[in-house]
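Here is how the chains run, residue by residue.
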Amino acid sequence: MVSAGRSRVVAADLRLFDSIAARHWPGADPLLPWLSRAADHGVLWFASAAALGVTRSPRARRAAARGLASLALASGTVNTFGKRAVRRARPLRDDVPLIRQLKHQPITTSFPSGHSASAAAFATGVALESRRWGAVIAPVAAAVALSRIYTGVHYPTDVLAGAALGVGAAFAVRGLVPTRDQHRSPGRPRADAPALADGEGLVMVVNEGAKTADRAPRALLAALPRAELVECEPAMFEEELEKAALRARVLGVCGGDGSVNTAARVALRHGLPLAVLPGGTLNHFAYDLGVEGERDLARALTRGEAVAVDVGRFHAGETTGLFLNTFSLGVYPELVRRRDRWSRRIGGWPAGVLAAAQVLGSEHPLEVDIDGRRRPLWLLFAGNGTYHRMGLTPARRDDLADGLLDVRVTHGGRRPGTRLLAAAFAGPLSRSPVHAAVRVRRLRVSRLAPGTPLAYDGEVVTAGGELRLEKLPQALTVYRPETS
């Protein structure tokens, strides 16, 4: 009975293949073979990923990365296991017109279709991150899969099996690296904030030193034409924020995390809600809010969608400051200081690599008192809220109002690189001889040497004496779209 059922499937497969071979679609003869060749070795999908990358959209870039990761898994599975498991011969091309046939015919076995697996994996990976871009890629992926039958190199079941494998690879990647929608911030507690239908009452102060200050604010004005836009040099940024706060119903800021930190201090002093438009390199706070661009912020402003978020505060000797993202001492502040020194000459990423090499090769662990015990440490990190999937730099927070500091300590030792790497892969509430991680509401560190560098939201200051970290629960009202 099994053999009979298999024979029926094979017969239906052959009939469908012959039907497609005999059918002529206007315009398909030049297009489908070209698409099939373009997808060789994933070239079409790498080009698509590059096109998504140049859009500057964080969501599009994540979609491209997820699509390529899914493609890599699908392609590896097909070539390692799939082709060897079922050694099916390629179809006979007697009924396939010569104009459709590929110039260089594949020599591997037919089942499953590697092109179809790669196409489905890339398209599904993109769609899981961005439905809009997935809808753009899906028809191309479907055409590539169809082209494998149309050109006579695969049976329909080869294509279906390959596509199913590709979809499965994309979901497997999502299981390993969840999308932002899977672990979206709960968006609470909701806060009262004015709904600005046309933007009237919003004063958006733009730090011209920000990475995207040239385009993002003007795109926002297209949606909120009565909003006021103030552009200024970095040296005048805080002064312009103070002036804006005197006439604004809502204080807006476009810049990186350091600029947002400055704007948050001003908004708290004046009791104003804050509208954050990401304009820097990393934009941790904006992205954790769910604001990835002008569309997200405009939607939240017009609907009056806002939440109350926690603010971190530190006191170190005579120095006091706030942080929305992270606070740290140890090797990281020194790394930031050296990176900033080099970045104007050689660029941000090369400067970061050079700074890391210098710091890890020359620095010594700090000697501090934590909870009354003298300890050597390479790094103390405190996050404003719990960070998940954290590497050597922060990754993501699901809750910006949990009332907790995410504290991670890397203990001193002879090999800082190994210890920092081990701590990078550890989650919250973990402990080992190399590192410790706890969630607390406050922390006290004593006997900091004078001139110890401290980093908060990308800024570096020096201080000494006793360090105290604490939370200001739900202190700041910020606009956040309820749906992305």
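Definitions and limits used
- Residues numbered from 1 in each chain as written.
- Predicted model: local features only at pLDDT ≥ 70, side-chain atom pairs only at ≥ 80, totals over all residues.
- Heavy atoms only, no water.
- Helix = DSSP H or I, 4+ residues; strand = E, 2+ residues; numbered from the N terminus.
- Buried < 20%, exposed > 50% of the residue type's maximum accessible area, 1.4 Å probe, protein only.
- Contact = heavy atoms within 4.5 Å.
- Phe/Tyr/Trp six-rings, centres within 6.5 Å; stacked < 30°, edge-to-face > 60°.
- Core = buried A, V, L, I, M, F, W, Y, C linked by side-chain atoms within 4.5 Å.
- Salt bridge = Lys/Arg side-chain N within 4 Å of Asp/Glu carboxyl O.
- Axes fitted to C-alpha atoms, helices over the stretch in contact; angles between N-to-C directions.
- Left-handed = near helix turned anticlockwise from the far one by under 90°.
- Nonpolar A, V, L, I, M, F, W, Y, C, P; charged D, E, K, R; others polar.
- Expected span 1.5 Å × (residues − 1).
- Arc of directions from axis to C-beta.
- Polar contact = N/O pair within 3.5 Å; in protein donor to acceptor, adjacent residues only side chain to side chain.
- Pairing = 2+ DSSP bridges.

Section: the overall build of the chain
Next up, step 1: Check the secondary structure of the chain and you find 15 helices and 15 strands.
Next up, step 2: Taken over 484 residues, the chain has a buried fraction of 51%.
Next up, step 3: Partitioning the intrachain contacts of the chain with sequence separation of at least 6 by distance along the chain shows that 74% fall at a separation of at least 24.

Digging into the packing of aromatic side chains
Each aromatic ring pair is characterised by the separation of its centres together with the angle its planes make.
Next up, step 1: Evaluation of the coordinates by the stated rule reveals 5 aromatic pairs.
Next up, step 2: Relative to Phe327, the ring of Phe314 has its centre 5.0 Å away and its plane inclined at 40°; by these criteria the two rings are tilted. With Phe314 in strand β5 (residues 306-316) and Phe327 in strand β7 (residues 326-330), the pair connects residues that are 13 residues apart, well separated along the chain. For the pair formed by Phe314 and Phe327, the shared burial category is buried.
Next up, step 3: Seen from their ring centres, Phe314 and Tyr456 are 5.0 Å apart, and the 55° between their planes marks the pair as tilted. Taken as a pair, Phe314 in strand β5 and Tyr456 in strand β14 (residues 442-456) lie far apart in primary sequence, 142 residues in all. For the pair shown, Phe314 and Tyr456 are each scored as buried.
Next up, step 4: Within the aromatic cluster, the residues linked to one another by ring pairs are Phe314, Phe323, Phe327 and Tyr456.

Focus on the nonpolar core
Next up, step 1: The biggest cluster of nonpolar side chains holds 51 residues, and the ones touching the most others in it are Leu202, Leu274, Phe285, Leu297, Leu301, Leu476 and Tyr479.
Next up, step 2: Leu52, Ala60, Tyr155 and Val159 belong to the second largest nonpolar core, which has 28 residues in total.

Overview of the pattern of salt bridges
Next up, step 1: Inspection of the entire model under this criterion finds 23 salt bridges.
Next up, step 2: Between Arg190 and Glu482 there is a salt bridge; the shortest N-O distance is 3.6 Å. A residue pair is termed long-range when its members are at least 10 positions apart, and Arg190 in the loop between α7 (156-176) and β1 (202-207) and Glu482 in the segment after β15 (459-479) qualify at 292 residues.
Next up, step 3: One salt bridge connects Glu240 with Lys243, and the closest N-O pair in it is separated by 3.8 Å.

Side note on the environment of Asp29
Next up, step 1: In this structure, Asp29 sits in helix α2 (residues 28-38).
Next up, step 2: Spatially, the C-alpha atoms of Asp29 and Tyr150 are 8.7 Å apart, while their sequence positions differ by 121 residues.

Some thoughts on the packing of helix α9 (residues 237-247) against helix α10 (residues 257-270)
Next up, step 1: Where α9 contacts α10, the axes come no closer than 10 Å and their chain directions differ by 35°. Where α9 crosses over α10, the handedness of that crossing is right-handed. Residues Phe237, Glu238, Leu241, Glu242, Ala245 and Leu246 of α9 pack against Ser259, Thr262, Ala263, Arg265, Val266, Arg269 and His270 of α10.
Next up, step 2: Grouping the constituent residues of the contact of α9 with α10 by class yields 6 nonpolar, 3 polar and 4 charged.

Notes on the pairing of strand β4 (residues 274-278)
Next up, step 1: For β4, a buried count of 5 out of 5 residues is recorded, marking the element as mostly surrounded by other parts of the structure.
Next up, step 2: Residues of β4 alternate between two faces, with Leu274, Val276 and Pro278 on one and Ala275 and Leu277 on the opposite face, all of them buried.

So, unusual backbone geometry
Next up, step 1: With a phi angle near 60°, Arg447 is a residue other than glycine that sits in the positive phi range.
Next up, step 2: You can see Arg447 is positioned in strand β14.
Next up, step 3: Judged by relative accessible area, which is 54%, Arg447 ranks as exposed.
Next up, step 4: Here the phi dihedral of Asp457 falls at roughly 50°; this positive angle occurs in a residue that is not glycine.

Regarding α7
Next up, step 1: Over its 21 residues, α7 runs 31 Å from end to end, which matches the ideal 30 Å to within 8%, given 1.5 Å per residue.
Next up, step 2: Residues Pro156, Asp158, Val159, Gly162, Gly166, Ala169, Ala170 and Val173 constitute the buried set of α7. The arc enclosing the buried residues of α7, seen along the axis, measures out at 160°, which places them on a common side. Summarising the geometry of α7, the exposed residues directed more than 90 degrees from the buried face are Leu160, Ala164 and Gly175.

Side note on the side chain of Arg408
Next up, step 1: Mapped onto the secondary structure, Arg408 falls in strand β12 (residues 405-411).
Next up, step 2: In this structure the side chain of Arg408 is engaged in a polar contact, spanning 2.9 Å, whose partner is the backbone oxygen of Tyr387.

Overview of the pairing of strand β3 (residues 250-255)
Next up, step 1: With 6 of its 6 residues buried, β3 lies for the most part within the structure.
Next up, step 2: In β3, alternate side chains face the same way, and those of Val250, Gly252 and Cys254 on one face and Leu251, Val253 and Gly255 on the other are all buried.
Next up, step 3: As judged from the 5 bridges shared by β1 and β3, these two strands associate in the parallel manner. Across the sheet, the residue bridging to Val206 is Cys254, located in β3.
Next up, step 4: The sheet contact formed by β3 and β4 spans 5 bridges and is parallel. From the neighbouring strand, Val253 faces β4, where its bridge partner is Val276.

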